[in-house]
Each structure stands twice: as C-alpha cells, then as structure tokens.
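Residue-level structural notes
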Amino acid sequence: MRDRKIAQATHNILAYRIRLDNGSICQDNDDDGETAAGKRLGHLLQLVEAENVVVVVTRWFGGTHLGPDRFKLINNAARQALEAGGFIDEQAKSTTSKKTNRK
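Scope of this entry: the structure provided in the associated data block. Source: prediction; values computed, not measured.

Thresholds, definitions, all that
- Residues numbered from 1 in each chain as written.
- Predicted model: local features only at pLDDT ≥ 70, side-chain atom pairs only at ≥ 80, totals over all residues.
- Heavy atoms only, no water.
- Buried < 20%, exposed > 50% of the residue type's maximum accessible area, 1.4 Å probe, protein only.
- Helix = DSSP H or I, 4+ residues; strand = E, 2+ residues; numbered from the N terminus.
- Arc of directions from axis to C-beta.

Details of helix α2 (residues 37–47)
Three or four residues apart is the spacing at which side chains of an α-helix point the same way, because the helix has 3.6 residues per turn. Within the sequence span of α2, burial applies to Ala 37, Gly 38, Leu 41, Gly 42, Leu 44 and Leu 45. Taken down its axis, α2 places every buried residue within 155° of arc, on the same side. Just downstream of α2 lies Glu 49, where phi reads positive at about 55°.

Okay, here's the thing in structure tokens:
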C-alpha cells in the first residue's frame, strides 16, 4: 500500500449487506480482532435498511485505550460514511435516532 498509516492499521472492521436478484439479502461482517465491532456494524446496516453496500472502518491504536466508547466511535464513523454515500434515507435516520434516544 502507498499509505503506510493505512498499511499499519490495527483493525479493519467491515460489514456488508447485498440484495440478491432473487430478493434475499446476503450479509456478513468481520471484526478483524475488534471483538463484536463487525456485528455492530452489521446491525447498523440492518437498522437503517441499507442495501448493496460495504462499510469498512479502520482503527489504529494510538496508545490510548478507548474502552467501550470505541463502539460508539466506530458506529458513528460508519453512519457518517453511509449518510455521505446516500445509503441512509431521511426516514431511516429518524427511525434509528428515535430508537437510540429511548431511556
């Protein structure tokens, strides 16, 4: 790879969700050592009903342990990428934000 920083990334977390010609959904994820992070990205794709998309979040260890907050940061990065790519529509945005704001 040209970019040494990307080549030395600690974790490349991914999830995908593809609608097949027969109408069924093919989906999977990979944590790349960041336990449960891929599953959470896959869950995000399901919640926003994103289709025909792959999302990859790359994380480097910079010396600071993020603890459980890392999942929020990973999901926020994925959500921003999905929004920027037009994979999250306005209805899905309002639906998931209502679900996450419940107490």
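Focus on unusual backbone geometry
Positive phi outside glycine occurs at Asp 32, with the angle close to 50°. Within the secondary structure, Asp 32 is located in the loop between β2 (25–30) and α2. Looking at Asp 32, the relative accessible area reads 31%, which means it is partly exposed. Residues other than glycine seldom take positive phi values, yet Ala 36 does so here, at roughly 75°. Among the structural elements, Ala 36 can be located in the loop between β2 and α2. Overall, Ala 36 belongs to the partly exposed group, its relative accessible area being 28%.

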